[in-house]
Amino acid sequence: MTHSRAAGTDGTGESPGVRAGEPATAAAWAELVAAARRTVADGLVVGTSGNVSVRVGDTVLVTPSGVPYDRLTPADATGVGLDGRQVLGTLVPTSELPMHLAVYRADPAARAVVHTHAVHATAVSLLVPELPPVHYMTAALGGPVRVAPYAAYGTDELARGMLDALAGRTGCLLRNHGTITYGTSLDQAYDRTAQLEWMCRLWLTASSVPGHSPSLLTPDQLTEVTERLRGYGQRS
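Residues numbered from 1 in each chain as written. Predicted model: local features only at pLDDT ≥ 70, side-chain atom pairs only at ≥ 80, totals over all residues. Heavy atoms only, no water.

## Some remarks on the overall build of the protein
Secondary structure assignment for the protein yields 6 helices and 8 strands. Listing the helices and strands of the protein from first to last along the sequence gives α-β-β-β-β-α-β-α-β-α-β-β-α-α. In the protein, buried positions account for 47% of the 236 residues. Pairs at least 24 residues apart make up 66% of the contacts formed inside the protein by residues separated by at least 6 positions. In the structure as shown, the protein presents an accessible area of about 11,400 Å², 54% of it carried by carbon and sulfur atoms. (Helix = DSSP H or I, 4+ residues; strand = E, 2+ residues; numbered from the N terminus. Buried < 20%, exposed > 50% of the residue type's maximum accessible area, 1.4 Å probe, protein only. Contact = heavy atoms within 4.5 Å. Areas by Shrake-Rupley, 256 points an atom, 1.4 Å probe, with all protein chains shown as cover.)

## Some remarks on the nonpolar core
Among the nonpolar cores identified, the biggest contains 37 residues, and Leu131 and Leu173 are the most heavily contacted of them. For this core, the secondary-structure elements that each account for two or more residues are α1 (23–41), β1 (51–56), β4 (86–88), β5 (112–116), α3 (119–125) and α5 (186–207). The residues contacting Leu131, other than those within four sequence positions of it, are Val124, Pro144, Val145, Leu196, Met199, Cys200 and Trp203. Counting residues in hydrophobic clusters, the runner-up holds 22 residues, among them Val80, Tyr104, Val113 and Ala151. (Core = buried A, V, L, I, M, F, W, Y, C linked by side-chain atoms within 4.5 Å.)

## Remarks on the side chain of Thr94
Position of Thr94 among the secondary structure elements: in the loop between β4 and α2 (97–106). A polar side-chain atom of Thr94 sits 3.1 Å from a polar atom in the side chain of Asn51. Residue contacts for Thr94: discarding those within four places in its chain leaves Asn51, Val62, Thr63, Pro64 and Ser65. (Polar contact = N/O pair within 3.5 Å; in protein donor to acceptor, adjacent residues only side chain to side chain.)

## Topic: the side chain of Thr138
Residue placement: Thr138 occurs in the loop between α3 and β6 (147–148). In this structure Thr138 touches Pro133, Gly143, Pro144, Met199 and Leu222, once residues within four positions along its chain are discounted.

## Observations concerning the environment of Ala106
Among the secondary structure elements, Ala106 is positioned in helix α2. Residue classification places Ala106 among the exposed residues on the basis of a relative accessible area of 52%. Along the backbone, Ala106 and Leu163 are 57 residues apart, and their C-alpha atoms lie at a distance of 8.1 Å.

Below, the structure is given as structure tokens:
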């Protein structure tokens, strides 16, 4: 397990005013660890691939690099500022930190990001520049899901391509790599990841039937669903 001492901290690996034991931070870290473990249980990642982050104020809590999720404890809380400087913990943050930070900088409403190597979604990224709109949940991601061009993992080039693919969307595919989704909560970000993987599996399944092409939704149909989704769910 690799450890890194954050520069400019108080000697404990934590920035003054940013503490792992603070209620909001502790709760967000517990939620993050549970979601990371769920990506493995749901088959969206293998081993320590993929990563999850949650924004608490100006701090981004993020899974550390190369640490099995079932080994993470409250003492392993890892956080960075929006400038990428580590402000919490001693474990090295995920190598995909540039993607996470790019999302938070681009959309102030973003509060959680989920990145996976889901099999069906990654397979679709090898085949088309955009996931065809085979289901109305396409609208929940802002429209047909684009595929960002391939770039080496952990690079600013990958983060820039991802942002282009995310324009007007809350999720995209990463060519030869995986998926990334975000939301105003971790539950929402995770649900979007699961829905994206399901839609990719649906398209691959329908496309595999010889002599048939999947029926696709029209832009007007997606617009109608977008309006209906605004009123979906319980009202307080």
